[in-house]
Amino acid sequence: EDQVTQSPEALRLQEGESSSLNCSYTVSGLRGLFWYRQDPGKGPEFLFTLYSAGEEKEKERLKATLTKKESFLHITAPKPEDSATYLCAVGSGNTGKLIFGQGTTLQVKP
Amino acid sequence: NAGVTQTPKFQVLKTGQSMTLQCAQDMNHEYMSWYRQDPGMGLRLIHYSVGAGITDQGEVPNGYNVSRSTTEDFPLRLLSAAPSQTSVYFCASRRRDLFTGELFFGEGSRLTVL
């Protein structure tokens, strides 16, 4: 069964304190792993696409990496404006569908 | 750029009432979809469409109906609302040509069923 699990559910950081969010997946025929950011009361906003193990993508203080079983979203020297819920999703080659994890809610305190 | 527009943003219904959530996009995207988001459950696909006149069921389609008469619009109908349908609903769209998870989401419609 295709499945996506994100950890931790919630993460509190001090401004400047780097950390990582995890997305573990089990999927038949990976057709991409996708990271989204969701602000309270808003819809998810696309961040990154990763297609193969070893691939990395960067955007400002965020870097996403991919292995055969998981992806990490590394946040370097975060700022309060990085506070949001981060969603991971995988494309299933078996079903052709996008499967979302439950998300990690990040709070960065000044 | 409007992107994906959802209406209404908030709605309260009584059990058994029906209503339609509206979704419109101005990006000429062939693929449109509806998700619901519940605490601890992640986003779950309700229905989707790959073009005008074509719709299909997602993961949780029961109690919902959709149609796609134009490229721009993809309304979601609740036939007889139940408390279990209390949720936040998101419409999302993308190009059809390649499978991709790069969806464009609306801002959501928060529905409460009493």
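**A closer look at the state of the cysteines**
Residue and element names in this part refer to chain A.
- For the coordinates displayed, the defined rule picks out two disulfides over all chains.
- The side chain of Cys-23 participates in a disulfide bridge whose partner is Cys-88; the two sulfur atoms lie 1.9 Å from each other. Judged by the sign of its S-S torsion, about -60 degrees, the bond between Cys-23 and Cys-88 is left-handed. Note that Cys-23 is positioned in strand β3 (residues 19-26) and Cys-88 in strand β9 (residues 84-92), a separation of 65 residues in sequence. An identical accessibility class is assigned to Cys-23 and Cys-88; each is buried.

**Some details on the layout of surface pockets**
- What the largest pocket holds in volume is close to 660 Å³.
- Gln-38 of chain A together with Gln-37, Val-88, Phe-90 and Arg-110 of chain B are, among the 30 residues lining the largest pocket, the residues nearest its centre.
- Of all the secondary structure elements, the ones that give two or more residues to the lining of the largest pocket are β9 and β11 (104-109) of chain A together with β4 (31-38), β9 (87-94) and β11 (109-113) of chain B.
- Split by residue class, the lining of the largest pocket holds eight nonpolar, 15 polar and seven charged.
- One number sums up the size of the second largest pocket: a volume of about 450 Å³.
- What lines the second largest pocket is a set of 18 residues, and nearest its centre among them are Asp-2, Ile-99 and Phe-100 of chain A together with Arg-44 and Glu-59 of chain B.
- Contributing elements (two or more residues each) for the lining of the second largest pocket: β1 (3-7) and β10 (98-100) of chain A together with β5 (42-51) of chain B.

**What about the pairing of strand β7 (residues 62-66) of chain A?**
Residue and element names in this part refer to chain A.
- Within β7, four of the five residues are buried, which leaves the element mostly enclosed by the surrounding structure.
- For strand β6 (residues 56-59) and β7, the ladder comprises four bridges, and the chain directions are antiparallel. When the sheet's bridge partners are listed, Lys-59 is paired in β7 with Leu-62.
- Hairpin geometry of β6 and β7 is characterised by an intervening segment of two residues between the two adjacent antiparallel strands and by a positive phi of about 55 degrees at Glu-60.
- For β7 and strand β8 (residues 70-75), the ladder comprises five bridges, and the chain directions are antiparallel. Looking across to β8, one finds that Leu-62 is bridged to Ile-75.
- Between the antiparallel neighbours β7 and β8 lie three residues.

**Quick word on the sheet that holds strand β3 (residues 19-25) of chain B**
Residue and element names in this part refer to chain B.
- Strand order in the open sheet formed by four strands is β1-β3-β8-β7, with antiparallel pairing between adjacent strands. Each of the sheet's edge strands pairs with one partner strand only, and the pair in question is β1 (4-7) and β7 (64-66). Looking at each pair of strands side by side, their axes are set apart by 20 degrees on average, direction ignored.
- As paired elements, β7 and strand β8 (residues 76-78) share three bridges and run antiparallel to each other. Pairing of Asn-65 across the sheet is with Arg-77, part of β8.

Procedures and definitions
Residues numbered from 1 in each chain as written. Chains lettered and ligands numbered in written order. Predicted model: local features only at pLDDT ≥ 70, side-chain atom pairs only at ≥ 80, totals over all residues. Heavy atoms only, no water. Disulfide = S-S within 2.5 Å. Helix = DSSP H or I, 4+ residues; strand = E, 2+ residues; numbered from the N terminus. Buried < 20%, exposed > 50% of the residue type's maximum accessible area, 1.4 Å probe, protein only. 1 Å grid on protein atoms, 1.4 Å probe; cavity = no way out; pocket = protein on both sides within 12 Å on 5 of 7 lines; lining within 4 Å. Points joined across faces, edges and corners; volume = space filled by probe spheres on them. Nonpolar A, V, L, I, M, F, W, Y, C, P; charged D, E, K, R; others polar. Pairing = 2+ DSSP bridges. Axes fitted to C-alpha atoms, helices over the stretch in contact; angles between N-to-C directions.

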